[in-house]
Amino acid sequence: MSERNAVSDVASGAVPVLAAGVLWGTVGPAQVLADAPASPPALGAARILSGGLILALVVLVTAPRAFRGLTGASWAPLLAASAATGVFQAAFLTAVDRTGAAVATAVVFGLAPVSTGVCERIVLRTRLSRRWTAGTVCAVAGCALLMAPTSTARVDGVGVALALLAGACFGVYTVAARVLVVRRVGMAAAVSVTLLAGGACLLPWTVAGFADLAAPRSLALVAWLGPVATAVAYMCFVRGLRRVTAATAGTLSLAEPLVAAALGLLVLGERMSAPVAAGALLLLGGLVIVSLPAPLRRAPGAADYDGAQATGAVKVESTTGERP
């Protein structure tokens, strides 16, 4: 595989993952602008249920046999992804309610790339490169500065514990989705199942908050969160997982707090302090480090063979740690 092809492959995976992070980053500002009466758990449930339903309908219309491809071999990662989706929504939204958005977001997205890398190392035995480590450390440090709570912020022990649980769930979901991609499962069908199953875990909040969800502001918010910030975003994310490792995708997802902070500054009129500016630069730098593939290194004595490196009769490809 040529160096140009390697760069193209990694870039084609990084772009959709970053696009997912951008769409996810609109969720918080959209909630602030909508000022919907529904509770966060009810909105979270409506978000993933509507997104899953839309994807399921698309699959039924365009590829109705795709659901048949979800055989017994795919049920373990599907169940893991479904459970992680439901628990993430409940844990994260409750953490925000108990300890505030800044603290909860900093904890979740500070842990998410690390938990993803650890889960992938355990499940898929993927080697974590030095480039990923450097970029992740840089991005996590930037995230901590970007979402640093003010002196008036409250820190609740249960809220922080729930935020840690949500961060761990993000890693579980990402690796489970990567397993499904590697097994060549129809991802539109798989994602719709995980969203619907995860949303089913939150049905008590949906039923209890139905009246508030029916309010015009809530409906307008769900109309954005479901189709765009969930259905489209999740499909972008799993599409990127075809070309990059779960660990890389976990780090690239830190585009979410960066976008949320930018929208807060540009749309909501929030002020940017020096720590926030430094955090944004660190986070952006970390994303760039992880997004760019390492240069291909030619093994001593290796000869070109069909655009790749080969030694003798065995074809050997030098990669950046990303699996196709």
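A quick note: this is a predicted structure, and the numbers were derived from the prediction, not measured.

A. Region of the structure containing the overall build of the protein chain. The number of helices and strands found in the protein chain is 15 helices and three strands. Taking all 324 residues of the protein chain together, the buried fraction comes to 48%. Approximately 15,100 Å² of the protein chain is accessible, and the part contributed by carbon and sulfur atoms is 67%.

B. Spotlight on helix α7 (residues 157-182). Given a rise of 1.5 Å per residue, 26 residues ought to cover 38 Å, and the 38 Å separating the end C-alpha atoms of α7 matches this to within 8%. At the exit of α7 stands arginine 184, carrying a positive phi of roughly 60°.

C. How the structure looks around the packing of α7 against helix α8 (residues 187-200). Across the interface, α7 lies against α8 with an axial gap of 10 Å and an inter-helix angle of 150°. With respect to α8, the element α7 is oriented roughly antiparallel. The handedness of the crossing between α7 and α8 is right-handed. Every residue of α8 that contacts α7 at Tyr173, Ala177, Leu180 and Val181 is listed here: Met187, Ala190, Val191 and Thr194.

D. Up close: the packing of aromatic side chains. This structure, assessed with the given rule, holds seven aromatic pairs. Ring geometry for tryptophan 24 and phenylalanine 237: centres 5.3 Å apart, planes at 50°, overall tilted. Here tryptophan 24, found in helix α1 (residues 3-24), pairs with phenylalanine 237, found in helix α12 (residues 227-240); they are 213 residues apart in sequence, far enough to count as distant. Taking the relative accessible area as the measure of exposure, phenylalanine 237 reaches 0% and is therefore buried.

E. How the structure looks around the side chain of threonine 174. Examined against the element boundaries, threonine 174 turns out to sit in helix α7. Setting aside residues no more than four positions away along its own chain, threonine 174 makes contact with Thr116, Phe237, Leu241, Ala246 and Ala249.

F. Examining the nonpolar core more closely. Of all hydrophobic cores here, the largest spans 57 residues; its most connected members are Tyr173, Val191 and Phe237. Excluding residues within four positions of it along the chain, tyrosine 173 makes contact with Ala81, Ala84, Thr85, Val191, Thr194, Tyr234, Phe237 and Val238. Ala36, Ala38, Leu43 and Val222 belong to the second largest nonpolar core, which has 13 residues in total.

G. Summary view of the environment of alanine 20. Tracing the backbone shows alanine 20 in helix α1. For alanine 20, a relative accessible area of 0% gives the class buried. Taking the C-alpha atoms as reference, alanine 20 lies 8.0 Å from methionine 235; in sequence the two are 215 residues apart. For alanine 20, the contacting residues outside a window of four places in its chain are Ala233, Cys236 and Phe237.

H. Here's a closer look at the packing of helix α11 (residues 216-225) against α12. As a packed pair, α11 and α12 sit with axes 4 Å apart at the nearest point and diverge in direction by 15°. Overall, the two elements α11 and α12 adopt an arrangement that is roughly parallel. For the pair α11 and α12, the contacting residues are Val222, Ala223, Trp224 and Leu225 in the first and Pro227, Val228, Ala229 and Thr230 in the second. Along the lines of polarity and charge, the residues of the contact of α11 with α12 split into seven nonpolar, one polar and no charged.

I. How the structure looks around the confidence of the model for the protein chain. Counting all residues, the mean pLDDT for the protein chain is 78, and 80% of those residues have values of 70 or more. Taken together, the stretch residues 298-324 has pLDDT below 50 and engages in 53 contacts with residues farther than four places along the chain or on a different chain.

J. A look at a nonpolar patch on the surface. A cluster of nonpolar side chains, Leu33, Leu265, Leu266 and Val267, forms an exposed patch at the surface whose accessible area comes to about 390 Å². Secondary-structure assignment places leucine 266 in helix α14 (residues 255-266). Exposure remark for leucine 266: the relative accessible area of 70% places this residue in the exposed category.

Definitions and limits used
- Residue positions are given per chain, counting from 1 as you read along its sequence in written order.
- Restriction of local features to residues with pLDDT of at least 70 applies here, the model being predicted, together with a cutoff of 80 or more for giving and counting side-chain atom pairs; totals for whole chains, interfaces and linings are based on all residues.
- Note: side-chain values were computed over all heavy atoms of the structure, leaving out hydrogens and water.
- Elements are defined by DSSP. Helices are runs of H or I of four residues or more, strands are runs of E of two residues or more, and each kind is numbered from the N terminus.
- The classification of residues rests on relative accessible area computed with a 1.4 Å probe and restricted to protein chains. Under 20% of the type maximum is buried, over 50% is exposed, and intermediate values are partly exposed.
- To measure how exposed things are, a 1.4 Å probe is used in the Shrake-Rupley method; for residues, cover is taken only from the protein chains shown.
- Expected span of a helix: the number of residues minus one, times 1.5 Å.
- Angles here are taken between N-to-C directions and fall from 0 to 180 degrees, while the axes themselves are lines fitted to C-alpha atoms, restricted in helices to the stretch in contact.
- Should an angle fall under 35 degrees it is called roughly parallel, over 145 degrees roughly antiparallel, and 65 to 115 degrees roughly perpendicular, with every other angle called oblique.
- Each crossing is labelled by how the near helix is turned from the far one, with a counterclockwise turn of less than a right angle marking it left-handed and a clockwise turn marking it right-handed.
- Should any heavy atoms of two residues lie within 4.5 Å, those residues are considered in contact.
- Only Phe, Tyr and Trp rings are paired, with Trp represented by its six-membered ring, and only when their centres lie within 6.5 Å; those with planes under 30 degrees apart are stacked, over 60 edge-to-face, the remainder tilted.
- Each nonpolar core is a collection of buried residues, namely Ala, Val, Leu, Ile, Met, Phe, Trp, Tyr and Cys, held together in the definition by side-chain atoms within 4.5 Å.
- In this count, Pro and Cys sit with the nonpolar residues alongside Ala, Val, Leu, Ile, Met, Phe, Trp and Tyr, while Asp, Glu, Lys and Arg are called charged and the others, Gly among them, polar.
- What pLDDT expresses is the predictor's confidence in each residue, scored from 0 to 100.
- Any residue with relative accessible area above 30% and no salt bridge may belong to a patch, with like charges joined within 9 Å and the nonpolar Val, Leu, Ile, Met, Phe, Trp and Tyr side chains within 5 Å.
- What makes a salt bridge here is a side-chain nitrogen of Lys or Arg within 4 Å of a carboxyl oxygen of Asp or Glu, nothing more.

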